[in-house]
Amino acid sequence: GGVRLSFLPGVAATIARIGAPTMLTGVLFSVIYMLLVRVVGEFGTPAIAALGVGHKIEGMSYMICIGFGLAAETLVGQNLGAGLPGRARQAGWLTARISAVPSAVLAVVFLLVPETLVGIFSTDPAVVHAGSLYLRTAALAQFTMAFEVVLEGGLTGAGYTFWTMLVVVGLSALRIPLAAVVAPAFGLIGVWWILAL
């Protein structure tokens, strides 16, 4: 009996303003990866499989960063709501530094035993080779990815979702033409480098 349902247009507009760019970021990021398959597909089925496997394995690090990003989002929003912008800024940066630790550990694992990780998903030597190259190049991006994802969460907690959407989607979309340009000259490893950089 304590539940009261009501619709407040001002609150709904704020939710849409903050939530829509975040939703679009996730959707467009997925679309970009689907388009990237076309570039990777030029190198055959093992390359496509390696992209999928590598993306799933790298997802371990990404999900850790997402978790810390949600923490940063909450802490920043809470502190800004309490009128403590300095503490909100400290919370965002501290959370990013903390998230960089497990990301760095996974980066080392990606560098040292990529064949073992890819081997969990496939025994095809071509997939294992291409997937190992993916993980080794992706390892170099894990540390900075922690800062990117967590600080994006902090900005979301501050209500700045539109500009982070433009940056994240814009940089991710650049992967497609850049990968298409480097693929003929450098092969699949060039595509992996574009993804990491």
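Use the structure listed above.
From a predicted model like this one, the values you see are computed outputs, not experimental measurements. (Residues numbered from 1 in each chain as written. Predicted model: local features only at pLDDT ≥ 70, side-chain atom pairs only at ≥ 80, totals over all residues. Heavy atoms only, no water.)

Draft legend 1. Main features of the nonpolar core. Formed by 33 residues in total, the largest nonpolar core has its most connected members in Tyr 134, Val 191 and Trp 192. Listing elements by their share of this core, those giving two or more residues are helix 1 (9-40), helix 2 (45-81), helix 3 (85-112), helix 4 (114-119), helix 5 (125-139), helix 7 (162-186) and helix 8 (188-196). For this core, the element with the most residues is helix 5, which contributes 7 residues. In terms of nonpolar packing, the next biggest core, distinct from the first, is built from 9 residues, Cys 65, Met 145, Ala 146 and Phe 147 among them. (Core = buried A, V, L, I, M, F, W, Y, C linked by side-chain atoms within 4.5 Å. Buried < 20%, exposed > 50% of the residue type's maximum accessible area, 1.4 Å probe, protein only. Helix = DSSP H or I, 4+ residues; strand = E, 2+ residues; numbered from the N terminus.)

Draft legend 2. Inspection of the pattern of salt bridges at higher detail. In total, this model carries 1 salt bridge according to the counting rule given. Between Glu 115 and Arg 136 there is a salt bridge whose closest N-O contact spans 3.4 Å. Here the residue Glu 115 occupies a position in helix 4, and Arg 136 occupies one in helix 5, the gap between them amounting to 21 residues. (Salt bridge = Lys/Arg side-chain N within 4 Å of Asp/Glu carboxyl O.)

Draft legend 3. Quick look at the layout of surface pockets. One number sums up the size of the largest pocket: a volume of about 1,200 Å³. Forming the boundary of the largest pocket are 44 residues, of which Phe 29, Tyr 62, Glu 148, Val 149 and Val 168 lie nearest the centre. Those elements that place two or more of their residues in the lining of the largest pocket are helix 1, helix 2, helix 5, helix 6 (142-157), helix 7 and helix 8. Top element by residues in the lining of the largest pocket is helix 6. It accounts for 10 residues. Here the lining of the largest pocket is composed, by residue class, of 25 nonpolar, 14 polar and 5 charged. Estimates place the volume of the second largest pocket at around 250 Å³. If you go around the second largest pocket, the residues you meet are Val 76, Leu 80, Pro 85, Ala 88, Arg 89, Gly 92, Trp 93, Leu 151, Gly 154, Leu 155, Ala 158 and Tyr 160. Of all the secondary-structure elements, those providing two or more residues to the lining of the second largest pocket are helix 2, helix 3 and helix 6. The leading source of residues in the lining of the second largest pocket is helix 3, at 5 residues. Partitioning the lining of the second largest pocket into residue classes produces 9 nonpolar, 2 polar and 1 charged. (1 Å grid on protein atoms, 1.4 Å probe; cavity = no way out; pocket = protein on both sides within 12 Å on 5 of 7 lines; lining within 4 Å. Points joined across faces, edges and corners; volume = space filled by probe spheres on them. Nonpolar A, V, L, I, M, F, W, Y, C, P; charged D, E, K, R; others polar.)

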